[in-house]
Amino acid sequence: MIVLPWRNDQKEETERGVRISRWLKEQGLTSGVSYEKDRRSYEEAEAKLKAANQYVEAAEKYLSSKQAELGQKTLEAQTKVDYGRAMQQEAQGEVALARKELAEIEGKQAQFDSRVVVAPRDGVILRLLSQPGSEFLKAGQPLVILVPESTSLPGSTGSLGR
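Residues numbered from 1 in each chain as written. Predicted model: local features only at pLDDT ≥ 70, side-chain atom pairs only at ≥ 80, totals over all residues. Heavy atoms only, no water.

*Asks:* Could you give me a rundown of the overall build of the protein, with the residues and numbers involved?
*Replies:* Per the secondary structure count, the protein includes 2 helices and 2 strands. Taken from the N to the C terminus, the helices and strands of the protein come in the order α-α-β-β. Burial analysis of the protein (162 residues in total) assigns 5% to the buried set. For the protein, long-range pairs separated by at least 24 residues make up 43% of all intrachain contacts whose partners lie at least 6 apart in sequence. Entry remark: accessible area of the protein is about 14200 Å², with carbon and sulfur atoms responsible for 56%. (Helix = DSSP H or I, 4+ residues; strand = E, 2+ residues; numbered from the N terminus. Buried < 20%, exposed > 50% of the residue type's maximum accessible area, 1.4 Å probe, protein only. Contact = heavy atoms within 4.5 Å. Areas by Shrake-Rupley, 256 points an atom, 1.4 Å probe, with all protein chains shown as cover.)

*Asks:* Report on a nonpolar patch on the surface, specifying residues and quantitative values.
*Replies:* There is a patch of nonpolar side chains on the surface, built from V124, L126 and V147 and spanning about 270 Å² of accessible area. Structurally, V147 is set in strand 2 (residues 144-148). V147 gets classed as partly exposed once you look at its relative accessible area, which sits at 38%. (Patch = residues over 30% accessible without salt bridge, like charges linked within 9 Å, V, L, I, M, F, W, Y side chains within 5 Å. Salt bridge = Lys/Arg side-chain N within 4 Å of Asp/Glu carboxyl O.)

*Asks:* Residue-level account of the pairing of strand 1 (residues 123-128), with values.
*Replies:* Burial runs low along strand 1: only 0 of the 6 residues are buried. The pairing of strand 1 with strand 2 spans 5 bridges and is antiparallel. Residue pairing across strands places I125 opposite L146, the latter belonging to strand 2. (Pairing = 2+ DSSP bridges.)

*Asks:* With reference to specific residues and values, describe the layout of surface pockets.
*Replies:* Looking at the largest pocket, its volume works out to about 450 Å³. Around the largest pocket, the lining comprises 19 residues; the ones closest to its centre are V117, L137, Q141, L143 and V144. If you list the elements that add at least two residues to the lining of the largest pocket, you get strand 1 and strand 2. In the lining of the largest pocket, the residues fall into 13 nonpolar, 2 polar and 4 charged. (1 Å grid on protein atoms, 1.4 Å probe; cavity = no way out; pocket = protein on both sides within 12 Å on 5 of 7 lines; lining within 4 Å. Points joined across faces, edges and corners; volume = space filled by probe spheres on them. Nonpolar A, V, L, I, M, F, W, Y, C, P; charged D, E, K, R; others polar.)

*Asks:* Pulling in residues and values, what's your account of the pattern of salt bridges?
*Replies:* Applying the stated criterion across every chain yields a total of 3 salt bridges. Among the salt bridges present, the one from E57 reaches K61, with a minimum N-O distance of 3.6 Å. Of the two residues, E57 and K61 are both situated in helix 2 (residues 32-114); the distance of 4 residues between them amounts to about one turn of the helix. Residue classification places E57 among the partly exposed positions, given a relative accessible area of 35%. The exposure class assigned to K61 is exposed, which follows from its relative accessible area of 55%. In this structure, K66 and E69 form a salt bridge, with 3.4 Å as the shortest nitrogen-oxygen distance. Here K66 and its partner E69 are both found in helix 2, 3 residues apart, which amounts to about one turn of the helix. Exposure remark for K66: the relative accessible area of 36% places this residue in the partly exposed category. Residue classification places E69 among the partly exposed positions, given a relative accessible area of 38%.

*Asks:* Give me the confidence of the model for the protein: which residues, what numbers.
*Replies:* Averaged over all residues, the pLDDT of the protein equals 80, while 80% of them reach at least 70. By mean pLDDT, the top-scoring element of the protein is helix 2 (91), and the lowest-scoring one is helix 1 (residues 8-26) (70). Ignoring residues within four places in sequence, the model shows residues 156-162, a span with pLDDT below 50, making 8 contacts including any to other chains. (pLDDT = per-residue confidence, 0-100.)

And the structure:
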């Protein structure tokens, strides 16, 4: 606690001055006016000191409450920062997972793009022999029934469909 504006030695000196003024008055060496003036000055100074100390005490309480409020606000802000960082890390993890999945898909696409199925001749697919959704076939296993594209049939003189 801060004590203003009077030091103890100043207070003692003022009290001593009032005692001297009272003694001088009692001895008849000075007028009562001088004593009353010193006493009033002393009482005014005491009242000012008390008011100043109350003001300082109130200011210290206010400061303490504001420091507590600052601590609470700092804690709340740190919590929000920590939450934001956690969300950022989660998002970065999701991005990394999506990039990994994309790379896997692109790798599979590259594999499928490199696989070519070639028919022994040009024609039109009449029927698929493989099961829909199946992924594997044995080497040499037929995939389709193919109707060859030909402009003429053996033994005919014209073209198909003309």
